[in-house]
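Read off the chains here:
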Amino acid sequence: MKLRYALLILCLSVFFAEACAQGKIDAVKIKGTSVDIYLPPSYDSSSEYPVVYFNDGQMLFGHPTLTIALQDILDSLINKELLDEIIVVGVFADQLRAEKYVPYQNDQFERLPNGDSYASHYANFLIDDVVAYVDENYSTIQKSDGRAVFGFSFGGLNALWMLLNRPETFSMAAGISASMWVEDFAMFDEVEKYKPNQKIWFDIGTSEWNYYVPFQKHLKAQGAEINNKIYYYEVKDAAHTWEDVRQRVHMPFLVFAGKKSHIPSKMTVEIEVIPSKSNPQNKFTRLNPIISCKDGLRYSLAYEANYEVLNPSAGEVHEDGRFELYGNENLEVEVSYLSFSKKVKIRSKLVN
């Protein structure tokens with residue numbers, strides 16, 4: 001009896017150890033820059049792993065109240081068999097964070113003595129030094145298909161720019177709350193460099209609102225596959241904070257290295273009335289249809305949904321989900337996508 005009990009305890013211990021397997025963090029210095037390198041729970045030098053290079057690495061790992069606790073998120077996704085085992089390289093920022101991340105000429109940012117931007121210098125450092133170091137010291141997939149670059153805010157802008165300008169190195173970028181407003185949305189002009197099969201994730205919270213939705217349309221005009229290679233997520237009430245980023249940072253990882261197909265399971269429609277930051281009396285009014293997938297991925301449809309106004313005398317809905325009410329009559333809309341359909345009523349008192 002005691003032997004059976006001991007064997008049961010042993011089996012349960014092994015089961016829970018495997019179910020809760022943890023990765024580890026290597027802390028290194030590369031040319032004076034601090035870099036944290038996450039290795040997955042079953043890291044084995046005989047295998048090759050895809051790698052995510054993440055700007056603002058100082059905010060990724062460590063105490064959960066001081067960082068986004070990315071290790072816990074990655075371990076959980078891997079243990080649930082939602083994510084392939086991957087390596088994540090967090091490159092710390094320094095006092096020249098904005099200069100190194102913003103790739104466009106702007107008088108508020110310093111330039112190198114030769115007139116070049118710090119962003120070009122940082123791109124060379126990331127590729128020639130950081131990527132080279134990781135490829136030399138770890139077992140990685142050493143081609144663009146095995147590399148992605150992620151970032152938040154200015155770091156997200158940099159990640160998108162890096163993908164489009166260094167396609168030989170990276171195959172995906174995640175611009176999490178990316179600061180695409182810089183230099184009058186200069187990033188929108190970069191999409192002409194988009195290469196087939198590149199993946200892009202970009203998102204924004206309505207409490208930090210900027211009208212980034214057209215980025216999706218510009219990419220589609222270049223032949224990008226929306227909701228297959230390109231994903232946009234508009235998060236109601238989310239602010240420009242690491243706390244809100246923590247709630248959705250797992251999603252671009254699923255796009256890059258998810259183990260399961262992104263099978264849509266339901267559609268919801270958010271009715272958004274977003275006050276302008278410069279003039280709160282002005283409001284952006286939007287329908288935001290969101291697809292939720294079985295693997296946990298969520299994305300907004302924007303231009304990809306069909307909006308049928310059921311009472312045209314009350315108002316209209318534009319192709320990207322923006323709506324207008326003509327008076328005090330409630331607006332009724334049927335939103336559809338694939339096999340999903342949902343009727344929504346926009347009450348005039350919500351807007352007026």
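Everything that follows concerns the structure shown earlier in this document.
Residues numbered from 1 in each chain as written. Predicted model: local features only at pLDDT ≥ 70, side-chain atom pairs only at ≥ 80, totals over all residues. Heavy atoms only, no water.

Caption draft 1: Broad picture of the pattern of salt bridges. As enumerated under the stated definition, the model contains 15 salt bridges in all. The partner of D26 in a salt bridge is K24, and the shortest N-O contact between them spans 3.6 Å. For K24, a relative accessible area of 48% corresponds to the partly exposed category. Across the salt bridge formed by K100 and D94, the nearest N and O atoms sit 2.6 Å from each other. Judged by relative accessible area, K100 falls into the buried class, the value being 18%. Taken together, the salt bridges that share partners define one network made up of E234, R286, D320 and R322. (Salt bridge = Lys/Arg side-chain N within 4 Å of Asp/Glu carboxyl O. Buried < 20%, exposed > 50% of the residue type's maximum accessible area, 1.4 Å probe, protein only.)

Caption draft 2: Structural detail: the sheet that holds strand 15 (residues 331-337). Spatial ordering of the open sheet is given by 12-15-16, a layout of 3 strands whose pairing is antiparallel. Of all the strands in the sheet, just strand 12 (306-309) and strand 16 (340-346) have a single pairing partner and so form its edges. The average angle at which neighbouring strand axes cross in this sheet is 25°, direction not considered. Here strand 15 pairs with strand 16 via 7 bridges, running antiparallel. Looking at strand 16, one finds that S336 is bridged to S341. (Pairing = 2+ DSSP bridges. Helix = DSSP H or I, 4+ residues; strand = E, 2+ residues; numbered from the N terminus. Axes fitted to C-alpha atoms, helices over the stretch in contact; angles between N-to-C directions.)

Caption draft 3: View of the environment of P41. Mapped onto the elements, P41 comes out in the loop between strand 2 (33-39) and strand 3 (51-55). Overall, P41 belongs to the partly exposed group, its relative accessible area being 24%. A C-alpha to C-alpha distance of 14 Å links P41 and Y138, two positions 97 residues apart in sequence.

Caption draft 4: Summary view of the packing of helix 2 (residues 70-79) against helix 9 (residues 250-257). Closest axis-to-axis distance for the helix 2/helix 9 pair is 11 Å, and the angle between their directions is 45°. Comparing their axes, helix 9 and helix 2 come out oblique. For the element pair helix 2 and helix 9, the recorded crossing hand is right-handed. The residues of helix 9 that touch helix 2, namely those facing L70, I73, L74 and L77, are H250, F253 and L254. (Parallel < 35°, antiparallel > 145°, perpendicular 65-115°, else oblique. Left-handed = near helix turned anticlockwise from the far one by under 90°. Contact = heavy atoms within 4.5 Å.)

Caption draft 5: Quick look at a negative patch on the surface. Side chains of E183, D184, D189 and E192 sit close together on the surface and give a patch of like negative charge. Position of D184 among the secondary structure elements: in helix 6 (residues 182-185). Looking at D184, the relative accessible area reads 68%, which means it is exposed. (Patch = residues over 30% accessible without salt bridge, like charges linked within 9 Å, V, L, I, M, F, W, Y side chains within 5 Å. Areas by Shrake-Rupley, 256 points an atom, 1.4 Å probe, with all protein chains shown as cover. Lys, Arg positive; Asp, Glu negative; His and termini not counted. Charge placed at Lys NZ, Arg CZ, Asp CG, Glu CD.)

Caption draft 6: Structural view of the pairing of strand 4 (residues 87-91). A large share of strand 4 lies buried, amounting to 5 of its 5 residues. Because side chains alternate across strand 4, one face comprises the buried residues I87, V89 and V91, and the other comprises V88 and G90, equally buried. Both strand 2 and strand 4 contribute to a ladder of 4 bridges, which runs antiparallel. Directly across from Y38, in strand 4, lies its bridge partner V88. Across 5 bridges, strand 3 lies against strand 4 in parallel orientation. By the bridge assignment, V52 is partnered in strand 4 with V88. Handedness of the β-α-β unit built from strand 3, helix 2 and strand 4 comes out right-handed. (Right-handed = clockwise from strand over helix to strand, strands pointing away.)

Caption draft 7: Inspection of the layout of surface pockets at higher detail. Taken as a whole, the largest pocket spans an internal volume of roughly 220 Å³. S144, D145, S171, M172 and N197 are the residues nearest the centre of the largest pocket, which is lined by 16 residues in total. For the lining of the largest pocket, the per-class residue count stands at 7 nonpolar, 5 polar and 4 charged. (1 Å grid on protein atoms, 1.4 Å probe; cavity = no way out; pocket = protein on both sides within 12 Å on 5 of 7 lines; lining within 4 Å. Points joined across faces, edges and corners; volume = space filled by probe spheres on them. Nonpolar A, V, L, I, M, F, W, Y, C, P; charged D, E, K, R; others polar.)

Caption draft 8: Quick peek at the side chain of H250. Within the secondary structure layout, H250 lies in helix 9. Residue classification places H250 among the buried residues on the basis of a relative accessible area of 17%. Excluding anything up to four places from it in sequence, H250 contacts I73, L77 and G296.

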